[in-house]
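As a plain string of letters, each chain reads:
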Amino acid sequence: MTIHAKALLFDNDGTLVSTLASVRRCWTRWVEEYGIDAEAFASIALHGRTAVEIAADLLPAAVVPEAVARIELLEVEDVPNGGVELLPGTRDFLDSLPADRWAVVTSATLRLAEARLDAVGIRPKTLVAADDVTRGKPDPEPYLLAARRLGVDPADCVVFEDAPAGLSSGRAAGMATVALATTHQAHELDADLVVKDLSALSALVTEGGVEISVRR
């Protein structure tokens, strides 16, 4: 299978990098600090959502801004503690792309996203973070904004995601979707193409765009 696109839009956590260990450490501490019931925390969706949305599900509205600032600080401070690792295939795949044909679209704040990306030497020309949108994934706004910043029609974009919320966002934006089975089982992911990670893919840059294919 080959997917043709003019722009490639990547989620970060779980797609380009792994931050699962850091997320567990930081959110476990955050839950304890705010006295949140463990069952209540376990019952809400976390992956692919913004910290603001998660905090709003668990805490009174008046506490949310302070709580969001706290989890951001915990996660930023955890980056040097082995909090970020490149996933297989990320470096080679991104290095094969022109800088003006791809973007990172993350549910993390700009400060956290830049800290994590910088830690592994990824410096996208275009970055859309939680600070840039009013509605996060699964709403299409983040991916539509990325397409607009790149000057590409949404129909000519392909989204790379590991989380159902992000894939829903990409589909709602009218984009092709590629799911990476890094944090979810393949059968849990609804996408045009499902692979284990970016090492399973190759990208051929042409005059008209990029051809994405599964490696043989």
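See the structure shown above.
Residues numbered from 1 in each chain as written. Predicted model: local features only at pLDDT ≥ 70, side-chain atom pairs only at ≥ 80, totals over all residues. Heavy atoms only, no water.

**Student:** For this particular structure, what's the right way to read the pattern of salt bridges?
**Tutor:** Opposite charge on two side chains allows them to pair when their charged atoms are near. If you walk through the whole model with that rule in mind, you get 14 salt bridges. A salt bridge links aspartate 156 to lysine 6; its shortest N-O distance comes to 4.0 Å. Placement of the pair is aspartate 156 in the loop between helix H7 (141-150) and strand S7 (157-161) and lysine 6 in the loop between strand S1 (2-5) and strand S2 (7-10), with a sequence separation of 150 residues. For lysine 6, a relative accessible area of 43% gives the class partly exposed. Beyond isolated ion pairs, a larger network of salt bridges with shared partners links Asp11, Lys137 and Glu161. (Salt bridge = Lys/Arg side-chain N within 4 Å of Asp/Glu carboxyl O. Helix = DSSP H or I, 4+ residues; strand = E, 2+ residues; numbered from the N terminus. Buried < 20%, exposed > 50% of the residue type's maximum accessible area, 1.4 Å probe, protein only.)

**Student:** So what exactly am I meant to see when it comes to the environment of leucine 110 here?
**Tutor:** Its location among the elements puts leucine 110 in helix H6 (residues 110-119). Residue classification places leucine 110 among the partly exposed positions, given a relative accessible area of 32%. Beyond its immediate stretch of four places on either side in the chain, leucine 110 contacts Leu127, Ala129 and Asp131. (Contact = heavy atoms within 4.5 Å.)

**Student:** How do you make sense of the side chain of glutamate 75 when you look at a structure like this?
**Tutor:** Among the secondary structure elements, glutamate 75 is positioned in helix H4 (residues 64-78). What makes glutamate 75 buried here is its relative accessible area of 7%. Aside from chain neighbours lying at most four places away, what touches glutamate 75 is Val23, Cys26, Trp27, Leu112 and Arg116.

**Student:** Explanation requested: the side chain of threonine 109 in the structure shown.
**Tutor:** Note that threonine 109 resides in the loop between strand S5 (102-105) and H6. Classification of threonine 109 as buried rests on a relative accessible area of 17%. In this structure threonine 109 touches Glu72, Ala129, Ala130 and Asp131, once residues within four positions along its chain are discounted.

**Student:** Teacher, can you tell me more about the packing of aromatic side chains here?
**Tutor:** Overall, the coordinates contain 7 aromatic pairs when judged by the stated rule. For the pair phenylalanine 10 and tryptophan 102, a centre-to-centre distance of 6.1 Å together with 80° between the ring planes defines the contact as edge-to-face. Here phenylalanine 10 is found in strand S2, whereas its partner tryptophan 102 is found in strand S5, with 92 residues between them in sequence. Neither phenylalanine 10 nor tryptophan 102 differs from the other in exposure class; each is buried. A ring pair is formed by phenylalanine 10 and phenylalanine 160, whose centres lie 4.6 Å apart and whose planes are at 20°; its orientation type is stacked. (Phe/Tyr/Trp six-rings, centres within 6.5 Å; stacked < 30°, edge-to-face > 60°.)

**Student:** How do you make sense of the nonpolar core when you look at a structure like this?
**Tutor:** The nonpolar side chains of soluble globular proteins are, as a tendency, buried together. In this structure, Leu8, Phe10, Phe93 and Phe160 are the most contacted members of the largest nonpolar core, which totals 33 residues. It is H6 that contributes the most residues to this core, 3 residues altogether. If we ignore the near neighbours within four places in the chain, the residues touching phenylalanine 93 are Leu8, Phe10, Phe160, Leu198, Leu201, Ser202, Ala203 and Ile212. One finds Val31, Phe41, Ile44 and Ala55 within the second-largest nonpolar core, a separate group that totals 18 residues. (Core = buried A, V, L, I, M, F, W, Y, C linked by side-chain atoms within 4.5 Å.)

**Student:** I would appreciate a short explanation of H7 in the present structure.
**Tutor:** Because each turn of an α-helix spans 3.6 residues, side chains separated by three or four positions end up pointing in the same direction. Of all the 10 residues making up H7, 7 are buried; the element is thus mostly covered by neighbouring parts of the structure. Glu141, Pro142, Tyr143, Leu145, Ala146, Ala147 and Leu150 are the residues of H7 that are buried. Buried-residue contacts for H7 involve S2, S5, strand S6 (127-128), S7 and helix H8 (164-172). Downstream of H7 by a residue or two, glycine 151 has a phi angle that is positive, lying close to 70°.

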